[in-house]
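# Residue-level structure breakdown
Next come the chains, spelled out residue by residue.
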Amino acid sequence: MRKKVNLDQRLKRVFLSGGVVGVIAGILFTVFVADIIISRKEAEFESQNAKLAQEKVDLQHQLNKYNAAHNNAEFLAGNEEGWALVLVNETHPLDTSYAPAELYEVESERSVDARIREPLDRMLADAEKAGLSMYVASAYRSYDQQRTVFNATMQDWIEQGYMPLDAYDETKKSVAVPGTSEHATGLAVDIIASEYEALDDRQGETAEQIWLMEHCWEYGFILRYPPEKADVTGIIFEPWHYRYVGEEAAKEIHEQNITLEEYLGE
Ligand SMILES: [Zn+2]
């Protein structure tokens, strides 16, 4: 009888301890499973967060591009990311009263928006180091200065026998109508070779322009009016006109062989 009791008790103990082990195993298993679920959820949240962050970046880029094209003066005056992307052309005029907040005189009487001082100086210095000789022939031009240039060019055509309206059309091909010139942004520079100063297609064959066309994007500049894109930009090939757009955009525009208009989707 005593033995049986002992056996019962032992069985009970075994059963109980087994139960305890089972409970512990159960808890451990639950913790283990919970851990896996939590890790999976965390990974899921992480990838969702990364996706949302990317979407936010993409949306910001889209917004910047929209502002660059449609609120150009306001966007240019601010320092929001993408300010250098502003589009100024015949269909996207710049407020005639716009002037850069701070100018930097890159050469005597040739100033640019002070925000592009560093990349412009670096590009010109590197070109010089490469044994080239060039200078900035034109930079920031106010609305009034642009009007003077436009009128003078139009007068040349009239003197060559063109009727005023035809002279206006001819002038428009090489000089932006006042209010539609990129030079008013302070982000555009006309750079010409010291040994060949004519503003014609042959300017593009100088060693200076060949170097600039190849390297300008590294400094955030683009050749703004390429030869095969006159129908997009509305301006004929200008191998001397470079425009600062920022390094990221310049790289993309260079690699894809597109214009600022195409980059902005305008
Ligand atoms: Zn120019």
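Each value, and the rule that gives it
- Residues numbered from 1 in each chain as written.
- Predicted model: local features only at pLDDT ≥ 70, side-chain atom pairs only at ≥ 80, totals over all residues.
- Heavy atoms only, no water.
- Donors = N, O, S within 2.8 Å, 3.2 Å for Na, K, Ca; no water.
- Helix = DSSP H or I, 4+ residues; strand = E, 2+ residues; numbered from the N terminus.
- Pairing = 2+ DSSP bridges.
- Axes fitted to C-alpha atoms, helices over the stretch in contact; angles between N-to-C directions.
- Contact = heavy atoms within 4.5 Å.
- Core = buried A, V, L, I, M, F, W, Y, C linked by side-chain atoms within 4.5 Å.
- Buried < 20%, exposed > 50% of the residue type's maximum accessible area, 1.4 Å probe, protein only.
- Phe/Tyr/Trp six-rings, centres within 6.5 Å; stacked < 30°, edge-to-face > 60°.
- Arc of directions from axis to C-beta.

### What to know about the coordination of the zinc ion
- Distances from the zinc ion to its protein donors, H183 (NE2), D190 (OD) and H241 (ND1), fall at 2.0 to 2.1 Å.
- Each donor residue of the zinc ion lies on the same chain, and together they follow the pattern H-x6-D-x50-H. With H183 in the loop between α5 (164-174) and β4 (188-193) and H241 in strand β6 (residues 241-244), this residue pair connects regions lying 58 residues apart in the sequence.

### Structural notes on the sheet that holds β6
- Spatially, four strands are ordered β3-β4-β6-β5 in an open sheet, and the strand pairing comes out antiparallel. Edge positions in the sheet fall to β3 (134-138) and β5 (221-223), since each of these pairs with one other strand and no more. Strand-to-strand, the axes of this sheet are offset by a mean angle of 40°, without reference to chain direction.
- Note that β4 and β6 share three bridges and pair antiparallel. Bridge pairing links A188 to R243 in β6.
- Against the sheet, helix α6 (residues 207-215) engages β3, β4, β5 and β6, with an angle of about 140° to β4.

### Considering the nonpolar core
- Counting 47 residues, the largest nonpolar core has M123, V189, I191, F221 and L260 as its most contacted members.
- With four residues, helix α3 (residues 117-129) is the largest single contributor of residues to this core.
- Among the nonpolar cores identified, the runner-up in size contains five residues, and F150, A167, V175 and V177 belong to it.

### Structural notes on the packing of aromatic side chains
- Counted according to the given criterion, the structure contains five aromatic pairs.
- Judged by centre distance (5.5 Å) and plane angle (65°), the ring pair of F150 and Y168 falls under edge-to-face. Of this pair, F150 sits in helix α4 (residues 143-159) while Y168 is found in helix α5, placing the two residues 18 residues apart along the sequence.
- The partly exposed category is assigned to Y168, whose relative accessible area is 30%.
- Taken together, a centroid distance of 6.3 Å and an interplanar angle of 35° make the contact between W211 and Y219 tilted.
- Since its relative accessible area comes to 5%, Y219 is described here as buried.
- Every member of this aromatic cluster is reached through a ring pair, and the members are W83, F221 and Y244.

### Considering the environment of A101
- Secondary-structure assignment places A101 in the loop between α2 (72-77) and β1 (103-107).
- For the pair A101 and K172, spaced 71 residues apart in sequence, the C-alpha to C-alpha distance is 28 Å.

### Regarding helix α8 (residues 247-256)
- Taken as a whole, α8 has its buried residues at A249, A250 and I253. For α8, the angular spread of the buried residues around the axis is 100°, confining them to a single face. Among the exposed residues of α8, those pointing more than 90 degrees away from its buried face are E248 and E255.
- On the buried face of α8, the contacting elements are β5 and α9 (260-264).
- Remark: N257 follows α8 within two positions and exhibits a positive phi of approximately 55°.

Function cannot be read off these values alone, since they describe shape.
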